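Each chain, letter by letter, is given below.
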Amino acid sequence: MKNYKITLLKGDGIGPEIVEQAVKVLNVQAEKHDFSIDYTDALLGGAAIDATGLPLPEETVTACKASDAVLLGAVGGYKWDTLPGNLRPEAGLLGIRAALGLYANLRPAVIFGPLKSASPIKDEIIGDALDIMVVRELTGGIYFGERGRREVNGQPAAFDTEMYTVPEIQRIARVAFDVARKRNKKVTNVDKANVLESSRLWRETVLQVAEEYPDVELNHLYVDNAAMQLVRNPRQFDVIVTSNIFGDILSDEASQIAGSIGMLASASLSDGSLGLYEPIHGSAPDIAGKGIANPLATILSAGMLLRYSLGMEKAADEIEAAVSAVLETARTPDIWEEGCRKVSTAEMGDLVCQLLQK
Ligand code: IPM
Ligand code: MG
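All residue numbers here refer to positions counted from 1 along the written sequence of the relevant chain. Working convention: letters from A go to chains and numbers from 1 go to ligands, in the order in which they are written. Owing to the predicted nature of the model, reporting of local features is limited to residues with pLDDT of at least 70; listing and counting of side-chain atom pairs is limited to 80 or more, with chain, interface and lining totals taken over all residues. Computation of side-chain values: all heavy atoms of the structure, hydrogens and water removed.

### Description of the overall build of the protein
Runs of E in the DSSP output that reach at least two residues are strands. Runs of H or I that reach at least four are helices, and both are numbered from the N terminus. The helix and strand inventory of the protein stands at twelve helices and 14 strands. Any residue under 20% of the maximum accessible area for its type is buried, any over 50% is exposed, and the rest in between are partly exposed; the area is computed with a 1.4 Å probe on protein chains only. Residues counted as buried form 53% of the 358 residues belonging to the protein. In this analysis, two residues are considered to be in contact whenever any of their non-hydrogen atoms come within 4.5 Å of each other. For the protein, the share of sequence-separated contacts (at least 6 apart) that also reach a separation of at least 24 residues comes to 75%. When the accessible surface of the protein is totalled, it reaches about 15400 Å², and 52% of it is carbon and sulfur. Each charge sign in the protein was given a centre, from 35 positive and 49 negative side chains, and these centres are 2 Å apart. Per-residue and other accessible areas were derived by the Shrake-Rupley procedure at a 1.4 Å probe size, with only the shown protein chains allowed to occlude residues. For this count, His and the chain ends are skipped, Lys and Arg are scored as positive, and Asp and Glu as negative. The atoms used to mark charge sites are NZ of Lys, CZ of Arg, CG of Asp and CD of Glu.

Below is the structure:
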């Protein structure tokens, strides 16, 4: 029987409770599809700061590198908000993305049929379905550029730098075109090439890479227009490729179009098969420990883990189908509607497991 190693970075806030549900689901799929999983817990974010003083201890990097995939809950919380930038929980998240070379972040914004009414966008704009894949560059740009404080004209000032190299742009563009080939063969490049030099290089490079993919349609939007088009006519999008910061912003926007931020999964991929999987939402410290967090984004992230790191398409498809089915009758409070049963975090995990076992 094939055995896989998964490192769990449960993190802070609701992180531990939602990861627990995803682990239950993974265990059901392991039993059903005849493989086994060894889990290792490692510290990241606030939990790591409390235990070791650092948001990303070296042992965490070592554990992740020794595994087939990493499943992450969420990091951050009020308690650590006043620490200097390089010691905040978020620095641990950026650090693990960089340390594992996870430059490609896939964020699917999908509306599950039963949740259509949860979207703030009118039915006639959404149509029958919404399925957008945001491909966000994850280890470059302004998140990792030179930054600092200095004085300008005797006044305190601060700066952050947006910079991209051609190879960094080429590899994320190729990921986007490859993903589009398996979908509706359309890539929308999002940049700010009317103002930013880094965006002009970005666009030139995407155009060059596009020559390798004559079968994929390519168009370009400035990021301000893209933000507007996402709510005006989201159905025009198939795959969106964009920089780290624009992808951060547009994926939150896309998540609301899809109904709830509690539903969206993500995969952060490297050139090898090692990937890190996490919900796109945060650690929600205000509801931590209350048993009301929505675990579905993490469960769907576990599905992406099976698909992208372990190559188990069928097991992944089954998880998506089970999530869609469970939404017909049961909801956590964030997406609850009249006519559905209101369930806890753990009950939601159990219901998905039961559907998978049928
Ligand atoms: C995300 C988050 C992170 C980011 C934060 C927590 C550093 O917003 O994954 O989208 O900006 O990348
Ligand atoms: Mg974000």
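### Overview of the pattern of salt bridges
Salt bridge, as used here, is a side-chain nitrogen of Lys or Arg placed within 4 Å of a carboxyl oxygen of Asp or Glu. Taken as a whole, this structure holds 21 salt bridges when the rule is applied. Between aspartate 317 and arginine 307 there is a salt bridge, with its nearest N and O atoms 3.0 Å apart. Of this pair, aspartate 317 sits in helix 11 (residues 313-326) while arginine 307 sits in helix 10 (residues 296-308), placing them ten residues apart in sequence. The buried category is assigned to arginine 307, whose relative accessible area is 15%. Taken together, the shared-partner salt bridges connect Arg307, Glu313, Asp317 and Glu320 into one network.

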